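Chain residues, written in single-letter form:
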Amino acid sequence: DTSGRLQDILHLVGSIAAGLLTWKIASSFGASLSQALGLAVAMGSAVAFVTTYIQSWNNGLNLKNVLVLLTSLVGVAGGLGIAFGSVAAGVALVMGGLSLLALGIHDVIKNGLNLENTLTIIGGLLAGGLGISILTGSWIPILIAGIAAVLLALVSFTGNGETLISGLKETCAGFAE
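In this convention, every chain numbers its residues from 1, walking through the sequence in written order. Totals for whole chains, interfaces and linings use all residues, but because this is a predicted model, local features are given only for residues with pLDDT of at least 70 and pairs of side-chain atoms are given and counted only at 80 or more. For the side-chain quantities, the full set of heavy atoms in the structure was used; hydrogens and water were omitted.

**Q** So what about the packing of helix H3 (residues 86-111) against helix H4 (residues 115-136)? Which residues, and what values?
**A** Geometrically, a packed helix pair is captured by the angle between its two axes and the distance between the axes. Fitted lines through C-alpha atoms give the axes, limited to the stretch in contact for helices. The angle between two N-to-C directions lies from 0 to 180 degrees. Think of it this way: any DSSP run of H or I at least four residues long counts as a helix, any run of E at least two long counts as a strand, and we number them from the N terminus. Look at H3 against H4: their axes get within 7 Å of each other, and the N-to-C directions meet at 155°. The orientation of H3 with respect to H4, classified from their angle, is roughly antiparallel. Considering only the axes of H3 and H4, their crossing is left-handed. Residues were grouped as follows: Ala, Val, Leu, Ile, Met, Phe, Trp, Tyr, Cys and Pro as nonpolar; Asp, Glu, Lys and Arg as charged; and all remaining residues, including Gly, as polar. Classifying every residue of the contact of H3 with H4 gives 16 nonpolar, 10 polar and 1 charged. We call two directions roughly parallel when the angle between them is under 35 degrees, roughly antiparallel when it is over 145, roughly perpendicular when it lies between 65 and 115, and oblique otherwise. The crossing is said to be left-handed when, going from far helix to near helix, the turn is anticlockwise and less than a right angle, and right-handed when the turn is clockwise.

Shown next as structure tokens:
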């Protein structure tokens, strides 16, 4: 009788141990799987971002390119965020935002102000502001980026974009000299 109870207790302890071991293996595999998935999303998105960026730099922006650039930046930041945390996502957003700003300004200088480069600059401002907000833990950078984006949109769509372009060209010429 005592032997039977010990056997039951032994089976119960064995079942609990097997359950804990399975849970531990599954949770560590799940963490690795989510990290691998995040990296895969980030890498695929980075390839799409870079190829579209180069094409847009050489041939000009169009709405399809702007959409690919913005969605792939979200993919890079999201994937890195899943794999490595919010700091990696914030850095990706800042770097991507600066890249979009440079591309948008390049397109403005090359092709004049239009909807596509305005959207690219606005996307760059917001991505950079969001990235800085994530890194600093403050909402103020995204607020400033949002205000700058609204001001840019108002200037562009009220017909004062040419004044903005000429000032931008003079500023770039000053840096070049």
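**Q** Residues and numbers for the packing of helix H2 (residues 63-84) against H4, please.
**A** Viewed as axis vectors pointing N to C, H2 and H4 meet at an angle of 10°, and their least axial separation amounts to 9 Å. If you check the angle between H2 and H4, you find them roughly parallel. Mapping the contact onto sequence places Leu63, Val66, Leu70 and Leu73 in H2 and Leu115, Glu116, Leu119, Thr120, Gly123 and Ala127 in H4. Within the contact of H2 with H4, the residues separate by chemical class into 7 nonpolar, 2 polar and 1 charged. Whether two residues touch is decided by their heavy atoms; if any such pair falls within 4.5 Å, the residues are in contact.

**Q** If you had to explain the side chain of Ser72 to someone new, which residues and values would you point to?
**A** Along the polypeptide, Ser72 turns up in helix H2. Leaving out residues up to four positions away in the same chain, Ser72 has contacts with Ser45, Ala48 and Phe49.

**Q** Pulling in residues and values, what's your account of the environment of Trp139?
**A** Tracing the backbone shows Trp139 in the loop between H4 and helix H5 (140-157). Along the sequence, Trp139 and Gly129 sit 10 residues apart, while their C-alpha atoms lie 8.9 Å from each other.

**Q** Which residues make up the nonpolar core, and what values do they have?
**A** Throughout, nonpolar core names a set of buried Ala, Val, Leu, Ile, Met, Phe, Trp, Tyr and Cys residues whose side chains join them through atoms within 4.5 Å. Here's how the labels work: a residue is buried when its accessible area is under 20% of the maximum for its type, exposed when over 50%, partly exposed in between, all with a 1.4 Å probe on protein chains only. Counting 13 residues, the largest nonpolar core has Phe49, Leu69 and Leu73 as its most contacted members. Where this core is concerned, the elements lending two or more residues are helix H1 (2-59), H2 and H3. The element contributing the most residues to this core is H2, with 5 residues. Excluding residues within four positions of it along the chain, Leu73 makes contact with Phe49, Ala92, Leu93, Gly96, Gly97, Leu100 and Ala127. Grouped together as the second largest cluster of nonpolar side chains are 8 residues, Leu101, Ile121, Ala153 and Ile165 included.

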